Amino acid sequence: MSHKVLIYTVSFGSPVPGYVDLSTKINSAYAGIHGYDFKNFVLPESFDRNPAWGRVWFLKEHISDYDYMFYIDGDAFFVNQAMTLNQLIVYMDDSPVCGLFARDQTLSNKIFHADRANAGVFLFSRKNDG
């Protein structure tokens, strides 16, 4: 089964020059390899919430155009270009789950928590009424 998928990121603030550009190129190439759409949204000046909420706002604005939307932070990128999102989507089709969050990492400095969601990478599907 073919799914219409959007991989997206949201730009805001003053990123380290070149860093977001590089991850955007990697993620856009990944999307192209697998037939997914890719967009780098820019928050409008009128956005009146913390910029991190932009990822949710763009999800709400565009989910009706896609079967699945995959958000990835500007400082994250696809390491394994061969692994498809469809492998996760197949799991989601057989589940009542409508969203998946990456598990946070456990690092030696214990800043992250493996038992909590990492909102920097998530996949959502729109409700299937059929």
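Please refer to the structure placed before this passage.
Predicted model only: the values in this text are computed from it and were never measured.

Thresholds applied
- Residues numbered from 1 in each chain as written.
- Predicted model: local features only at pLDDT ≥ 70, side-chain atom pairs only at ≥ 80, totals over all residues.
- Heavy atoms only, no water.
- Helix = DSSP H or I, 4+ residues; strand = E, 2+ residues; numbered from the N terminus.
- Buried < 20%, exposed > 50% of the residue type's maximum accessible area, 1.4 Å probe, protein only.
- Contact = heavy atoms within 4.5 Å.
- Areas by Shrake-Rupley, 256 points an atom, 1.4 Å probe, with all protein chains shown as cover.
- Expected span 1.5 Å × (residues − 1).
- Arc of directions from axis to C-beta.
- Pairing = 2+ DSSP bridges.

Draft legend 1. Here's a closer look at the overall build of the protein chain. The helix and strand inventory of the protein chain stands at three helices and five strands. Across the 130 residues that make up the protein chain, the buried fraction comes to 33%. In the protein chain, 69% of the contacts between residues at least 6 apart in sequence involve partners at least 24 apart. Only carbon and sulfur atoms are counted for the fraction: they give 56% of the accessible area of the protein chain, which is about 8400 Å².

Draft legend 2. Broad picture of helix α1 (residues 19-34). The terminal C-alpha atoms of α1 lie 23 Å apart, and with 16 residues this matches the ideal 22 Å at 1.5 Å per residue to within 8%. Turning to α1, its buried residues number three or more, namely Val20, Ser23, Thr24, Asn27, Tyr30 and Ala31. Buried residues along α1 cover an arc of 125° about the axis, so they all sit on one side. When the buried face of α1 is taken as reference, the exposed residues oriented beyond 90 degrees from it are Asp21, Leu22, Lys25, Gly32 and Ile33. Those residues of α1 that are buried are in contact with β1 (5-11), β2 (37-42) and β3 (68-72). Of the residues flanking the end of α1, it is Gly35, one or two places downstream, whose phi is positive at about 80°.

Draft legend 3. Highlighting the pairing of β1. Of all seven residues in β1, six are buried; the element is thus mostly enclosed. Pairing between β1 and β3: four bridges, direction parallel. Bridging from a neighbouring strand, Val5 pairs with Tyr68 of β3.

Bear in mind that shape data such as this cannot, by itself, settle questions of function.
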